[in-house]
Amino acid sequence: RHGGDDGGGTPKTTLEIRYTKLFIDGRFVDAASGKTFETRDPRTGDVIARIAEGDKEDVDLAVKAAREAFDHGEWPRMSGSVRASSSSSQSCKKWLSFFPNGTRTRSTYSDRSMAYLSKMQERGRIMAKYAEGVERHADELAALESLDAGKPLAAARAVDVGECLGILRYFAGAADKIHGETLKMSRQLHGYTLREPLGVAGLIVPWNFPAIMFFSKVSPALAAGCTVVVKPAEQTPLSALFLAHLAKQAGVPDGVINVVTGFGPTAGAAISSHMDIDVVAFTGSTEVGRLIMEASAKSNLKPVALELGGKSPFIVFDDADLDKAVELAIGGNFFNKGEACVAGSRVFVQEGIYDRFEQKLADTMKSWVVGDPFDPRVNQGPQVDKAQYERVLRYIEQGKAEGATVLMGGKPCGKKGYYIEPTIFNNVKDDMVVAREEIFGPVMCLMKFKTVEEAIERANGTRYGLAAGVVTRDIDVANRMARSIRAGVVWVNCYFAMDRSCPFGGRKMSGFGKDDSMHALDKFLAVKAVVTPVHGSPW
Ligand code: ADP
């Protein structure tokens, strides 16, 4: 049912949009061309603000600032520690008080150390301070996300802002845990490895979780000691600009974080093909992932990490806890209006439980409310923009034309804005377009299966490999599924269970490289080997 007050959502927020320009070298600036573009409110289609439209020239300026900050600035040279610099000076003082010969040598050494230490601004400490600033502005950040991306405000506050803080704090803590190995290479040679920041990172992010995606890429890059040029999605530029401002407030040095708002084929392409960007991390569609890799191959062969699309299987076995299975299927398909790369959009249900599952699903969805994301009763807001709205509706029509049956939904709703009814298809065949392609909207495909073998075969029958869900009480079935499904994560009796300590990222055409966990640092670090002869070696 549609719960918006006038059926289409009326802006109820008086949120002030403070940051609309590019953020380069610590300052908000207009685009070199002077051009701007509109970001729109998905509840109404009305313009929220005009945003500076960055292009190649602006990316060049941002890369120059990031390059300078990396090559000559403090950021990559700081310690990673979270300790306050005052406490490290104090611990140094304490230590020096035990220094023998407490005369001139000591005081000279001590003064120099003090001067050095008082200037030292550890990366982890600055990132922790950044997190405090984000937390203080949690309500404003949540409102920006709701307004720009159409997320229910409570979810934006709890999930999006909560995750942002979790990610930033995790990597603040990771900054001083980056270390290499020692190698006993042979009798004659001793070696060790250094893990060094790669340099300037280009970070291209999508619109479905704008702030989370910003931090998923920015936090490990900063922890590693890289400097960054971020391009937020043109649909949702507001939070990234606000977060750039908060970074400056927290003491992130100028040039370390730069944000160039603009379009993919212009600003985005300028990043992926830039000769002076050392690594690109991207989240978005598989099609654009391919363009990014091509651009890297045609320019400076910068490494790329790609977190791309999915068509994840969610598999319910006969012995499943029915209530839980239904709840997880709903969350896995309709959370964030289905705008989630990990959406468990192929729902396979074993034949013995199928009818009960379908019935329970339809009953539970009766209380689902679509409407204005600022209304606390609402479960599902509008799709992010007109293009996505039309794309999802095209898929729904295609599903009908291919012979899938609409169990519920199947239409747009609301008098204005980009609202779509949560849609469930049954009688879906594996080869239908709706069962093969990523729809990125509130569309679930229900399919029946008989055996474990069949479930494995069909679950893997996709070019994607991002996530999978399995609901069963049988540990043997759970283990077998977990080992057999080719995906970046298999959730057993849960779904969408993300945590900072858990690596996230796909395989096959869902991409490669991990967000979250200590693995996320790898893409921003180079491993360098240092080798030296040991005493007595013929070298
Ligand atoms: P989605 O399907 O989520 O819209 P896209 O892959 O189209 O994902 O967009 C994700 C991000 O990639 C956005 O920031 C977008 O501007 C950017 N982008 C789109 N096209 C290109 C391109 N040719 N080169 C680089 N970035 C691009």
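Please refer to the structure higher up on the page.
Q: Quick rundown of the nonpolar core? Include the residues and the values.
A: Residues Tyr130, Phe214 and Ile257 are the most contacted members of the largest nonpolar core, which totals 70 residues. The element best represented in this core is helix H7 (residues 210-224), accounting for 10 residues. Discounting residues that sit within four places of it in the chain, phenylalanine 214 has contacts with Tyr130, Val205, Val230, Ala240, Leu243, Ile257 and Val259. Counting 38 residues, the second-largest nonpolar core is a separate cluster that includes Phe334, Val342, Ile353 and Tyr354.

Q: Would you mind going over the layout of surface pockets in detail, with residue names and values included?
A: In this structure, the largest pocket spans a volume of roughly 850 Å³. If you trace the largest pocket, you find 38 residues lining it, with Trp207, Phe282, Gly284, Ser285 and Val288 closest to the centre. Contributing elements (two or more residues each) for the lining of the largest pocket: helix H9 (264-272), strand S10 (279-283), helix H10 (286-298) and helix H13 (386-402). Ranked by the residues each element gives to the lining of the largest pocket, the list is headed by H10, at 6 residues.

Q: So what's going on with empty space enclosed by the protein? Which residues, and what values?
A: In this approach, a probe sized like a water molecule rolls over the atoms, and the result shows the empty space that is left. In this structure the tally under the stated criterion is 5 cavities of 30 Å³ or more. Taken as a whole, the largest cavity holds about 90 Å³ of empty space. What lines the largest cavity is a set of 13 residues, among which Gly338, Ala343, Ser345, Ile439 and Phe440 lie closest to the centre. Estimates place the volume of the second largest cavity at around 60 Å³. Contributing to the lining of the second largest cavity are 16 residues, with Pro313, Thr462, Tyr464, Gly465 and Ala467 lying nearest its centre. Those elements that place two or more of their residues in the lining of the second largest cavity are strand S19 (464-465) and strand S20 (467-471). Residue classes in the lining of the second largest cavity are distributed as 8 nonpolar, 4 polar and 4 charged.

Q: Before we move on, can you summarise the sheet that holds strand S6 (residues 189-197) with the specific residues and values?
A: Pairing is antiparallel across the open sheet formed by 3 strands, whose spatial order is S5-S6-S24. What marks the edges here is a single partner per strand, and that holds for strand S5 (182-184) and strand S24 (525-533). Here the average twist between neighbouring strands, direction ignored, is 25 degrees. Examined bridge by bridge, S5 and S6 share 3 bridges and lie antiparallel to one another. The partner of leucine 183 across the bridge, within S6, is glycine 191.

Basis of the calculations
- Residues numbered from 1 in each chain as written.
- Predicted model: local features only at pLDDT ≥ 70, side-chain atom pairs only at ≥ 80, totals over all residues.
- Heavy atoms only, no water.
- Core = buried A, V, L, I, M, F, W, Y, C linked by side-chain atoms within 4.5 Å.
- Buried < 20%, exposed > 50% of the residue type's maximum accessible area, 1.4 Å probe, protein only.
- Helix = DSSP H or I, 4+ residues; strand = E, 2+ residues; numbered from the N terminus.
- Contact = heavy atoms within 4.5 Å.
- 1 Å grid on protein atoms, 1.4 Å probe; cavity = no way out; pocket = protein on both sides within 12 Å on 5 of 7 lines; lining within 4 Å.
- Points joined across faces, edges and corners; volume = space filled by probe spheres on them.
- Nonpolar A, V, L, I, M, F, W, Y, C, P; charged D, E, K, R; others polar.
- Pairing = 2+ DSSP bridges.
- Axes fitted to C-alpha atoms, helices over the stretch in contact; angles between N-to-C directions.

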